Amino acid sequence: MDKELRNKELNIRSTSFDVEEKNGDVILKAENISKQYRLGQVGTGTLSHDLNRWWHQIRGKENPYLKIGDVNDRSTKGNSDYVWALQDINFEVKRGEVLGIIGKNGAGKSTLLKILSKVTAPTTGSIKSRGRIASLLEVGTGFNGEMTGRENIFLNGAILGMTKKEIASKLEEIIDFSGCERYIDTPVKRYSSGMTVRLAFAVAAFLEPEILVIDEVLAVGDAEFQKKAIGKMQDISREGGRTVLFVSHNMAAVKSLCTRGIVLENGKVVFEGGIDEAISQYLKDNKISNSKSFVDSPLVSVSVEQQEKDIVINAFYNSKYELNIPNLGFVVYNEFGNAVFGGNPVLHNMKQSDCIKYLSGEILLKIINPRLVDGLYTISIWFGDSRENYFEALECIVIEIKDMVKIEFVNTSFIGNITPMLEWKFI
Amino acid sequence: MNHSEKKNNNWLFEITPKNKFFTLNLKEVWQYRDLLFLFVKRDVVTMYKQTVLGPLWYLIQPLFTSITFTIIFNNLAGISTGSVPPFLFNLAGITIWNYFTACLNGTSNTFGSNAGIFGKVYFPRLIVPLSIVISNLIKFGIQFFIFIVFYLLYYFQGAALHFNPAIVFFPFLIVLMGILGLGLGMVISSLVTKYRDFSYLIGFGVQLLMYVSAVMYPLALIKEKIPHYAWLVQYNPLAYVIESTRYMLLNVGEVSVIGLIYTTVVTISLFLVGVLIFNRTEKNFIDTV
């Protein structure tokens, strides 16, 4: 039933694509993209493979190594020296769309971005584009420590494809955005790493390609700068009408920025569609949910649930040693990976006398109306007693919060994730 | 079906597994001309940062090499340079030879030393070797200036020196040298990405090449002294450029028009082969480097 519905939806979508294609609305189209890598050392074997490949080529035959190759799953032992990092990737991106590309480590996300940004070529297939693509694969590319900040703005801008004139016209804004005005004529090698990243991101942020490719830039920089960066990204995609491809592990960030998503798994697209469905598909595939059980650990299981306006954490423990207090710790993180709040019984002055069972039992914690803004939140769990920590599971739980507070759409990078009870008086 | 086929025409660009058989991509290089200029500027500005002598290093190296050559090849081995002071004879050869080796050494490591930046952003890769050839041209200019200074020094001391009118073609020789270094460098840089052996080869290969390029002796001398091995020098396109340089600047030796035509043909073919291999490499080198 569900499948039928989806098929129907797909049909509708594909026909609407046809209509839109006439309007030139599809800005990027990937067709059958595959990428093969050779595993192990590049050494003596290479020459013989090269010669063999060349011998097939001059006789007009197909590359013999294209037929072989294992599916890209790093945890299994394969039989072949060749592996497909990507296999038959097809997708389309429309103008102004923010596409999230999500997947586990090694799913092929970065390879796909490398192909998109022309750093490496696909083994088969093609990508067609109606706009310039610029990537923020890693900011600060080509920075030269001996040159000043100002000189590096020009150099880095030119590497990213801007002309000198374009850069000069935006120089003031770039310097202002970076917040490095004071040091702008100092060699970059004297900069702190944070300053270098700020400067580099500032240059990239003022690029004006039709398609921007972003890979985990959010992981760098301090909180204030992250805020700026995400705000800028939202500007880019919303107001500028520019197309953004965003790659991240952080589901909460993806959810808050993207409109559509594709899920990669072992080099294949397993889902393409709305961002909410994509995220739930990813979470389902990776068995990330709101409950988790653990083997061989003092903490047996933990589950987190939204009940009306409260969050309820329910955990079972079974310890070999006597615990003076079953100390269950938790921290809730927002879409930028920043902690929103957290706690444990010791922090909240619970006494040993408050708990009855010292070896095994159940913990029930109610977080009374934390007034979180709608969205995905990640939770880390620790378990121990007041003396020692025995167990930790970082970011093991993802929970979707909905309708906890009634508020218009907010940009959480600006006002935060918690909406406290407010009492307005206009006197 | 018809629609989508028609649609294919207005894509801005297409990323495909392989480049066309031969493409210079000059349009793209032109779009990135500012980058070319900035790379040149970076090379020149940062070359001798944090050194006490700074750009003087541009001068020290050729001067001391010339002095060494003069002592060993002219004073000790007794190679005659005619009426021209041996020091000036050697300096002329070394100056133009240095330009070639600087271009070759710089470009032959294009992929290796830029793997970091090539692995992150795309721009026409040809920009990098081009920038090396151009920034070396500036270094060559400084070294050539020093040659002029010593030329005048000798001239006012009464040495019998005069240019040959053919000096008007000297820029042509410089361009030839640059393209030769670029072409060979591009071939080697592409091979090095897969087979590191070539980076070792280039190290001592260049040294050996100097001995068969008529840098420290006149072309006529080798024909006269060891005619059996003279073909080594006669088939070497570099030898003609160096011999012609001395002919133009110092009016010694001979200029062989056939030799220069031969050199030009070799240079152009090497350059085309270089571009061909370079284009094939640039698409996938990041997977093998």
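This one's a predicted model, so the numbers in the text were calculated from it and none came from an experiment. (Residues numbered from 1 in each chain as written. Chains lettered and ligands numbered in written order. Predicted model: local features only at pLDDT ≥ 70, side-chain atom pairs only at ≥ 80, totals over all residues.)

Chemist: In this structure, what is going on with the overall build of chain B? I would like to understand it.
Modeler: Looking only at helices and strands, one finds 15 helices and one strand in chain B. For chain B, the spread of C-alpha atoms along the principal axes amounts to about 80 × 45 × 35 Å. Counting every position in chain B, which comprises 289 residues, the buried fraction comes to 36%. For chain B, the proportion of contacts with a sequence separation of at least 24, taken over those separated by at least 6, is 81%. (Helix = DSSP H or I, 4+ residues; strand = E, 2+ residues; numbered from the N terminus. Buried ≥ 20, exposed ≤ 12 C-beta atoms within 10 Å, placed from the backbone. Contact = placed C-beta atoms within 7 Å.)

Chemist: Quick question: what am I supposed to make of the overall build of chain A here?
Modeler: A tally of helices and strands in chain A yields 10 helices and 18 strands. Among the 427 residues that make up chain A, the fraction classed as buried is 38%. Across chain A, the fraction of contacts at a sequence separation of at least 24, relative to all contacts at a separation of at least 6, is 67%.

Chemist: Help me understand the sheet that holds strand 15 (residues 339-343) of chain A, please; the structure alone is not making it clear to me.
Modeler: By definition, the strands of a sheet pair up through backbone hydrogen bonds, in either a parallel or an antiparallel sense. Residues and elements named next belong to chain A. A sheet is described by the order of its strands in space; here four strands give the open sequence 15-14-17-18, paired in antiparallel fashion. The sheet is open, and its two edges are formed by strand 15 and strand 18 (389-401), each paired on a single side. For this sheet the average axis-to-axis angle between neighbouring strands, irrespective of direction, equals 15 degrees. (Pairing = 2+ DSSP bridges. Axes fitted to C-alpha atoms, helices over the stretch in contact; angles between N-to-C directions.)

Chemist: Would you mind going over the interface of chain B and chain A with me for this structure?
Modeler: Interface size is often expressed as the accessible area that is lost when the parts come together. The interface is formed by 29 residues belonging to chain B together with 37 residues belonging to chain A. Breaking the side of chain B that touches chain A down by element, the ones donating at least two residues are helix 1 (2-7), strand 1 (13-15), helix 3 (33-46) and helix 15 (285-288) of chain B. Looking at which element gives the most residues to the side of chain B that touches chain A, the answer is helix 3 of chain B, with six residues. Split by residue class, the side of chain B that touches chain A holds 13 nonpolar, seven polar and nine charged. Here strand 5 (residues 124-129) of chain A pairs with strand 1 of chain B via three bridges, running antiparallel. Each residue of the ladder has a partner; that of K128 of chain A, found in strand 1 of chain B, is E14 of chain B. (Nonpolar A, V, L, I, M, F, W, Y, C, P; charged D, E, K, R; others polar.)

Chemist: Is there a simple way to think about the UniProt feature "transmembrane region" (unreviewed entry) in chain B in this case?
Modeler: All names here are of chain B. Here the UniProt-annotated "transmembrane region" (unreviewed entry) positions come out as residues 56-76, 88-107, 127-154, 166-192, 198-222 and 255-278. Between the end C-alpha atoms of residues 166-192 the distance is 39 Å, and the span holds 85% helix and 0% strand. Taken as a whole, residues 255-278 contains 92% helix and 0% strand, while its terminal C-alpha atoms sit 33 Å from one another. (UniProt positions renumbered as here; feature names shortened; annotations may be inferred.)

Chemist: Can you walk me through the UniProt feature "domain: ABC transmembrane type-2" (unreviewed entry) in chain B in this structure?
Modeler: Mapped onto this numbering, the UniProt entry annotates "domain: ABC transmembrane type-2" (unreviewed entry) at residues 53-281 of chain B. When the span residues 53-281 of chain B is considered, its composition is 76% helix and 0% strand, and the gap between its end C-alpha atoms is 39 Å.

Chemist: What am I meant to see in the sheet that holds strand 13 (residues 310-318) of chain A here?
Modeler: Residue and element names in this part refer to chain A. Pairing in this open sheet of four strands is antiparallel, and the strands run 11-12-13-16 from one edge to the other. Lying at the two open borders of the sheet, with one neighbouring strand each, are strand 11 (291-293) and strand 16 (360-367). If you compare each strand with its neighbour and ignore which way they point, the axes differ by 10 degrees on average. Pairing of strand 12 (residues 299-307) with strand 13, which is carried by eight bridges, proceeds in the antiparallel orientation. By the bridge assignment for strand 13, E305 is matched with V312.

Chemist: What's the story with helix 6 (residues 193-205) of chain A in this structure? I'm lost.
Modeler: The periodicity of an α-helix, 3.6 residues per turn, causes residues three or four places apart in sequence to face the same way. Residue and element names in this part refer to chain A. Given a rise of 1.5 Å per residue, 13 residues ought to cover 18 Å, and the 18 Å separating the end C-alpha atoms of helix 6 matches this to within 8%. Within helix 6, 11 of the 13 residues are buried, which leaves the element mostly enclosed by the surrounding structure. Among all positions in helix 6, only M195, T196, V197, R198, L199, A200, F201, A202, V203, A204 and A205 are buried. (Expected span 1.5 Å × (residues − 1).)

Chemist: Sorry, what's going on with the pairing of strand 15 of chain A here?
Modeler: Successive residues of a regular strand alternate their side chains across the two faces of the sheet. Residue and element names in this part refer to chain A. Across four bridges, the pairing between strand 14 (residues 327-333) and strand 15 is antiparallel. Among the inter-strand pairings, V332 is bridged to a residue of strand 15, identified as F341. Counted between consecutive antiparallel strands, the loop separating strand 14 from strand 15 contains five residues, among which G337 sits at a positive phi close to 80 degrees.

Chemist: I would appreciate a short explanation of the nonpolar core in the present structure.
Modeler: Across soluble globular proteins, you tend to see nonpolar side chains buried next to one another. Of all hydrophobic cores here, the largest spans 154 residues; its most connected members are V203, L245, F246 and V254 of chain A together with L35 and I127 of chain B. Aside from chain neighbours lying at most four places away, what touches V203 of chain A is I153, N156, G157, L160 and I174 of chain A. (Core = buried A, V, L, I, M, F, W, Y, C linked by C-beta atoms within 7 Å.)

Chemist: It is not clear to me how the environment of Q306 of chain A should be interpreted in this structure. Could you clarify?
Modeler: All names here are of chain A. Summarising the element assignment, Q306 is placed in strand 12. Considered as a pair, Q306 and K109 are 197 residues apart in the sequence and their alpha carbons are 32 Å apart. Setting aside its immediate chain neighbours within four residues, Q306 contacts I311, I399 and I401.

Chemist: Would you mind going over the confidence of the model for chain B with me for this structure?
Modeler: Regions with low pLDDT should not have their predicted coordinates read in detail. Residues and elements named next belong to chain B. In this model, chain B carries a mean pLDDT of 83, and residues with pLDDT of at least 70 account for 93%. The model gives residues 1-8 a pLDDT under 50, and that stretch makes five contacts with residues more than four places away or in other chains. Interface confidence for the predicted complex, expressed as ipTM, amounts to 0.78; the pTM equals 0.73. (pLDDT = per-residue confidence, 0-100.)

Chemist: Is there a simple way to explain the packing of helix 5 (residues 86-108) of chain B against helix 13 (residues 237-250) of chain B in this structure?
Modeler: Between two packed helices, what matters for the description is the angle formed by their axes and the separation of those axes. Residues and elements named next belong to chain B. Their axes nearest at 10 Å, the elements helix 5 and helix 13 cross at an angle of 135 degrees. What the angle tells us is that helix 5 and helix 13 run oblique. Crossing angle aside, the handedness with which helix 5 passes helix 13 is right-handed. Contact with helix 5, carried on its side by L88, F89, A92, G93, I96, W97 and F100, involves L238, V241, I242, T245, R246, L249 and L250 of helix 13 and no other residues of that element. The residue inventory of the contact of helix 5 with helix 13, partitioned by class, reads 11 nonpolar, two polar and one charged. (Parallel < 35°, antiparallel > 145°, perpendicular 65-115°, else oblique. Left-handed = near helix turned anticlockwise from the far one by under 90°.)

Chemist: Honestly, unusual backbone geometry in this entry has me stumped. Any pointers?
Modeler: Among all residues save glycine, negative phi is the norm, and among peptide bonds the norm is trans. Non-glycine residue N266 of chain A carries a positive phi angle of around 50 degrees. With respect to the helices and strands, N266 of chain A occurs in the loop between strand 9 (260-265) and strand 10 (268-274). N266 of chain A gets classed as buried once you count the C-beta atoms within 10 Å, which come to 20. Notably, A214 of chain B is not glycine yet its phi reads approximately 60 degrees, a positive angle. Among the structural elements, A214 of chain B can be located in the loop between helix 10 (197-211) and helix 11 (219-225).

Chemist: Explanation requested: the packing of helix 9 (residues 170-194) of chain B against helix 14 (residues 257-282) of chain B in the structure shown.
Modeler: Residue and element names in this part refer to chain B. Running from N to C, helix 9 and helix 14 point in directions that differ by 35 degrees, and their axes come no closer than 8 Å. Our pair here, helix 9 against helix 14, has a crossing hand that is left-handed. Residues L176, I179, L180, L182, G183, L184, M186, V187, S190 and T193 of helix 9 touch helix 14, and the partners they reach there are T263, T264, T267, L270, F271, V273, G274, V275, I277, F278 and T281.

Chemist: Quick question: what am I supposed to make of the environment of F91 of chain A here?
Modeler: All names here are of chain A. Position of F91 among the secondary structure elements: in strand 3 (residues 82-94). Judged by the 18 C-beta atoms lying within 10 Å of it, F91 is partly exposed. Taking the C-alpha atoms as reference, F91 lies 7.9 Å from E272; in sequence the two are 181 residues apart.

Chemist: Any chance you could explain the environment of Q281 of chain A here in plain terms?
Modeler: Residue and element names in this part refer to chain A. Relative to the helices and strands, Q281 resides in helix 9 (residues 275-285). Taking the C-alpha atoms as reference, Q281 lies 32 Å from N318; in sequence the two are 37 residues apart. Residue contacts for Q281: discarding those within four places in its chain leaves V263, V270 and F271.

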